[in-house]
Amino acid sequence: MSTRIIPILNLLSGQLTSKLAADLATQPFPAKGLLTDTLARPLRDLRISVTDRCNFRCSYCMPSEVFNKNYAFLPQTSLLNFEEIARLARIFVAHGVEKIRLTGGEPLLRKNLEVLIEMLAKMTTVAGKPLDITLTTNASLLAKKAQSLKDAGLQRVTVSLDAMDDAIFRRMNDVDFPVADVLRGIEAANKVGLLPIKINMVVKRGTNDREILPMARHFRHTGNVLRLIEYMDVGATNGWRMDEVLPSAQVIESINAEFPVEPIDANYLGETAERWRYADGGGEIGVISSVTQAFCSDCNRARLSTEGKLFLCLFASQGHDLRALLRGNNNEIYSDDQIASAVGHIWHKRDDRYSELRAAMPADAQIGGEKKRVEMSYIGG
Ligand code: SF4
């Protein structure tokens, strides 16, 4: 593999932080090769947001009081087109990315998404294996699209579903969307083999915690893996409060009381979910304890926003503008090697570990001063 060093003097001035631009001028970085950050964490997982729009208004992600008809979503021209996304994906894959997750907003709202999936499905990892390509969806369009997604090369899906009770779910998505239609989407994904399907449930104490057992009952023995996620303080608009977080330990305790469970090993280093299985063979469940048990020490995820900003943490307040490099700056055109070199340098400098820092601080303390964190609907979850 080439380790060519590309000087990127002035390449990023005005696009990234002035400190980074200064660093880049003096410390060129290899355009290819595996990367580690300041905490020795590799880059393995790239999450690409393909739209900042969603047809749901879940209060923990896109509350309707903020994301209403007056909200300025990104104009079409700001969005990375599929060629630009694929070009960046290739660069990230050459730096060690093995898994790509398409997110949003709601990714299935992006027109012709299958075309992008076909482009990604042709790529192979540094080790020559197929890329692991998946997608997180609210499943509102999944029944219609499952077959074409599968045909395009998508391997599996993660579906967000916060309750089995129709009234609670309609209230949580805030657009009156019925549970039955999500279940139809999951059924279609099962049928075409977008497997294994993961079902993500964000648990908010006092809102849907009584739905944990109905969800567990429904998805046991289906092969689909229910994952219960602690309600996180992502973004700046969801009015997060610590007392609305139900710790994963309590979630497991309540499931265990009805269906005994036992822990199982992680599939790979950096897996976000802690895995459990039903002792009676009913399958697997997972908990994602972002609030009570930070997993920053293994975090190998980068996030690319819809308009091409690279974020190094879900809780970041600032991204690095890769679109400016893709589209050129002051009539300068940047090569893949130059952009790859910039990506390498950015990852090499990464020191983000928001959840760990928050866990070590009083509940009402603010990390990063008054900086406004980016919204989850903008960079994907
Ligand atoms: S808080 Fe940031 S660094 Fe820590 S696990 Fe989450 S995304 Fe990774």
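Caption draft 1: Layout of the overall build of the chain. Each helix and strand counted, the chain has 12 helices and 14 strands in total. Looking at the 381 residues of the chain, the share that counts as buried comes to 44%. For the chain, contacts bridging at least 24 residues in sequence account for 74% of all contacts bridging at least 6.

Caption draft 2: The arrangement of the pairing of strand β8 (residues 225–230) in detail. Of all 6 residues in β8, 5 are buried, a share of seventy percent or more. Both strand β7 (residues 198–203) and β8 contribute to a ladder of 6 bridges, which runs parallel. Residue pairing across strands places methionine 201 opposite leucine 228, the latter belonging to β8. In this view, the connection linking β7 to its parallel neighbour β8 by way of helix α7 (residues 212–219) has right-handed handedness. The sheet contact formed by β8 and strand β11 (residues 284–288) spans 4 bridges and is parallel. Residue pairing in the sheet places leucine 228 in a bridge with valine 287 of β11.

Caption draft 3: Structural view of the nonpolar core. Judged by nonpolar contacts, the single largest core of 91 residues is most densely connected at Ile100, Met201, Val203 and Ile339. Not counting residues up to four positions away in its chain, the partners in contact with isoleucine 339 are Ile91, Leu322, Leu325, Leu326 and Tyr334.

Caption draft 4: Seen up close, helix α4 (residues 142–152). Those residues of α4 lying buried are Leu142, Lys145, Ala146, Leu149 and Lys150. Mapping the buried residues of α4 onto a view down its axis gives an arc of 140°, with all of them on the same face. The inward-facing, buried residues of α4 abut α3 (113–121), β5 (132–137) and α6 (179–192). Immediately beyond the C-terminal end of α4, within one or two residues, lies glycine 153, with a positive phi of roughly 120°.

Caption draft 5: Here's a closer look at the sheet that holds strand β13 (residues 309–311). Strand order in this open sheet of 12 strands is β9-β10-β11-β8-β7-β6-β5-β4-β3-β12-β13-β14, and the pairing throughout is mixed. Edge positions in the open sheet fall to β9 (261–263) and β14 (320–321), since each of these has one partner strand only. The sheet contact formed by strand β10 (residues 274–278) and β11 spans 4 bridges and is antiparallel. Note that in β11 the partner of arginine 277 across the bridge is glutamate 284.

Caption draft 6: How the structure looks around the packing of α7 against helix α8 (residues 248–258). Two numbers describe how α7 lies on α8: the axes approach to 10 Å, and their chain directions differ by 55°. Taken together, α7 and α8 sit at an angle that is classed as oblique. In terms of crossing hand, the pair formed by α7 and α8 is right-handed. Here α7 contributes Ile212, Leu213 and Ala216 to the contact with α8, which in turn contributes Val251, Ser254, Ile255 and Glu258. A breakdown of the residues in the contact of α7 with α8 according to their chemical character gives 5 nonpolar, 1 polar and 1 charged.

Caption draft 7: Representation of the pairing of strand β4 (residues 99–103) in the model. Counted residue by residue, β4 has 4 buried out of 5 residues, so it is predominantly covered. Here 5 bridges tie strand β3 (residues 45–49) to β4, and the two strands are oriented parallel to one another. Following the sheet pairing, aspartate 45 is matched in β4 by lysine 99. Taken together, β3, helix α2 (residues 82–94) and β4 form a β-α-β motif whose crossover is right-handed. Sheet topology places β4 next to β5; 4 bridges connect them, and they run parallel. Looking across to β5, one finds that isoleucine 100 is bridged to isoleucine 133. Between the parallel pair β4 and β5, the chain is carried across by α3, and the sense of this crossover is right-handed.

Caption draft 8: Structural view of unusual backbone geometry. The peptide bond linking glycine 104 to glycine 105 adopts the cis configuration, its omega dihedral lying at 20°. One can find glycine 105 in the loop between β4 and α3. Of note in the backbone geometry, asparagine 112 takes a positive phi value of approximately 60° without being a glycine. Looking at the element boundaries, asparagine 112 is found in the loop between β4 and α3. Not every positive phi belongs to a glycine, and aspartate 176 is a case in point at roughly 65°. Here aspartate 176 shows up in the loop between α5 (166–173) and α6. Overall, the presence of 9 C-beta atoms within 10 Å leaves aspartate 176 in the exposed class.

Conventions adopted
- Residues numbered from 1 in each chain as written.
- Predicted model: local features only at pLDDT ≥ 70, side-chain atom pairs only at ≥ 80, totals over all residues.
- Helix = DSSP H or I, 4+ residues; strand = E, 2+ residues; numbered from the N terminus.
- Buried ≥ 20, exposed ≤ 12 C-beta atoms within 10 Å, placed from the backbone.
- Contact = placed C-beta atoms within 7 Å.
- Pairing = 2+ DSSP bridges.
- Right-handed = clockwise from strand over helix to strand, strands pointing away.
- Core = buried A, V, L, I, M, F, W, Y, C linked by C-beta atoms within 7 Å.
- Arc of directions from axis to C-beta.
- Axes fitted to C-alpha atoms, helices over the stretch in contact; angles between N-to-C directions.
- Parallel < 35°, antiparallel > 145°, perpendicular 65-115°, else oblique.
- Left-handed = near helix turned anticlockwise from the far one by under 90°.
- Nonpolar A, V, L, I, M, F, W, Y, C, P; charged D, E, K, R; others polar.

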